[in-house]
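# Examining the three-dimensional arrangement
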Amino acid sequence: MTTTHSVTVLGGTGHTGRRVVRRLRDRGIPVHVGSRSGVPGFHWERPETWAPLLEGAAAAFVAYTPDLALPGADETMAALGEEARRCGLGRLVLLSGRGEPGAARSEEALRSGGVPVTVLRSSWFAQDFSEHFLLGPVLEGVVALPTADVQEPFIDLEDLADVAVEMLCRRQATDTTLELTGPRLLDFAEAVAELSTVTGRRIEVVSVSPAEFVVGAVAAGVPAEEAAALADLFVDVLDGRNASVSGDVERVLGRPATDFTAFARRTAETGVWDLTRLTDRAGA
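These numbers come from a predicted model, not from an experiment. (Residues numbered from 1 in each chain as written. Predicted model: local features only at pLDDT ≥ 70, side-chain atom pairs only at ≥ 80, totals over all residues. Heavy atoms only, no water.)

### So, the sheet that holds strand β5 (residues 117-122)
Inclusion rule: Only strands joined by at least two bridges in the DSSP assignment are considered to pair. Runs of H or I in DSSP of at least four residues are treated as helices and runs of E of at least two as strands, each being numbered from the N terminus. All axes here are fitted lines through C-alpha atoms, helices being fitted over the stretch that makes contact, and every angle between N-to-C directions spans 0 to 180 degrees. Any two residues whose heavy atoms approach within 4.5 Å at even a single point are treated as in contact.
The parallel open sheet is built from six strands, whose spatial order is β2-β1-β3-β4-β5-β7. In this open sheet, the two strands that pair with only one neighbour each are β2 (31-34) and β7 (176-179). Strand after strand, the sheet turns through a mean of 15° between neighbouring axes, direction not considered. Relative to β7, β5 runs parallel, the two being bridged by four bridges. Residue pairing in the sheet places Leu120 in a bridge with Leu178 of β7. Where helix α4 (residues 101-111) meets the sheet, it contacts β4 (91-97), β5 and β7, and its direction lies at approximately 170° from that of β4. Of the strands in this sheet, β1 (6-10), β3 (57-62), β4, β5 and β7 are in contact with helix α6 (residues 157-169), which crosses β4 at around 155°.

Right, here's the structure in full:
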């Protein structure tokens, strides 16, 4: 693949997608960004909106929302695989969930279209604490979770985006599955303790029921369906099945995956965990 070919990024304004878009553009690669607010608009529930973003592209990065493990996601992925084949794409790179049987079914459904698919499996993101559903709780100093004592290899989204772009731009398409993790295991309480260190203030973790977690997440602005999917991950997947690290980030990029401590220090310097943000949120 050369830089004269375009790449489509479905979910191109999301946490991962926007990082992929930026890296592709930095390489001089034309990018079609698929999002609800784009022109043309892209909607997962409206297949007629897919072709205008896929036609003429050499490859596509796929970040499905709300979650590949939810009912019906595999049917959507099967239809997308067929559309990608019809539009002549040479490869797909799919963001997927690690240790999720439902997500695995969606992976295979996408592959059924016949286009080579590189699957990027990951579990929890380091940026969940700085950009997503845990930012508000970190600012408030109380992180309420259904469980906090199971270890996870938090992946830095910057690493994930680097891997995604590498797999999109390699000369040969690769039909494979990569397990993307950070270099060590931490449980949520240990991760929050690191955030306490870099912010210089006490942040505690408390245990709540899944139902209470959903209520809190929705109150913090997370869509209800996504909040329910997150609760399911805590209950069904956060059981130790992903308590192992992989070397796939280093194998693809030729450098080690970013450690959580490095993420925390780097992110603290941006001011995202500055308590003035809590005042801004309260006044919004």
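### Digging into helix α9 (residues 224-237)
So the rule is basically this: A helix is expected to span 1.5 Å for every residue after the first. Exposure classes here rest on a 1.4 Å probe applied to the protein chains alone. A residue is buried below 20% of its type maximum, exposed above 50%, and partly exposed in between.
When the terminal C-alpha atoms of α9 are compared, their 19 Å separation across 14 residues agrees well with the 20 Å that a helix rising 1.5 Å per residue should span. Of all the residues in α9, the buried ones are Ala227, Ala229, Leu230, Ala231, Leu233, Phe234 and Val237. Looking at the packing, one finds that the buried side of α9 touches β6 (142-145), α7 (188-199) and α8 (210-219).

### Considerations on the packing of aromatic side chains
The criterion, for reference: Ring pairs are drawn from Phe, Tyr and Trp, using the six-membered ring of Trp, whenever the two centres fall within 6.5 Å, and their geometry is named by plane angle: stacked under 30 degrees, edge-to-face over 60, tilted for the rest.
Tallied over the full model, the rule gives 17 aromatic pairs. Here the aromatic rings of Phe188 and Phe234 are separated by 5.4 Å at their centres, their planes lie at 50°, and the arrangement is tilted. On the criterion of sequence distance, the pair formed by Phe188 in helix α7 and Phe234 in helix α9 is long-range, its members being 46 residues apart. The exposure class assigned to Phe188 is buried, which follows from its relative accessible area of 0%. Centre to centre, the rings of Phe263 and Trp273 are 6.1 Å apart; their planes meet at 80°, and the pair counts as edge-to-face. Separated by 10 residues along the polypeptide, Phe263 in helix α11 (residues 260-268) and Trp273 in the loop between α11 and α12 (276-283) bring together distant segments of the chain. For Trp273, a relative accessible area of 4% corresponds to the buried category. These aromatic residues form a ring-pair network of at least three members: Trp124, Phe129, Phe133, Phe154, Phe188, Phe213, Phe234, Phe260, Phe263 and Trp273.

### A few points about the packing of helix α3 (residues 73-86) against α4
Quick reminder of the rule: An angle below 35 degrees is treated as roughly parallel, one above 145 as roughly antiparallel, one from 65 to 115 as roughly perpendicular, and anything else as oblique. Handedness of a crossing is defined here by the sense of rotation of the near helix relative to the far one, left-handed for an anticlockwise turn of less than a right angle and right-handed for a clockwise turn. Throughout this entry, Asp, Glu, Lys and Arg are counted as charged residues, while Ala, Val, Leu, Ile, Met, Phe, Trp, Tyr, Cys and Pro are counted as nonpolar. The remaining residues, Gly among them, count as polar.
Where α3 meets α4, the axes come as close as 7 Å, and the angle between the chain directions of the two elements is 20°. In terms of orientation, α3 lies roughly parallel with respect to α4. Remark: the crossing between α3 and α4 carries right-handed chirality. The residues of α4 that touch α3, namely those facing Ala73, Asp74, Met77, Ala78, Leu80 and Gly81, are Arg105, Ser106, Ala109 and Leu110. Residue classes in the contact of α3 with α4 are distributed as six nonpolar, two polar and two charged.

### Observations regarding unusual backbone geometry
With an omega dihedral of 0°, the bond running from Val39 to Pro40 counts as a cis peptide bond. Secondary-structure assignment places Pro40 in the loop between β2 and α2 (51-54).

Purely geometric numbers; function is a separate question.
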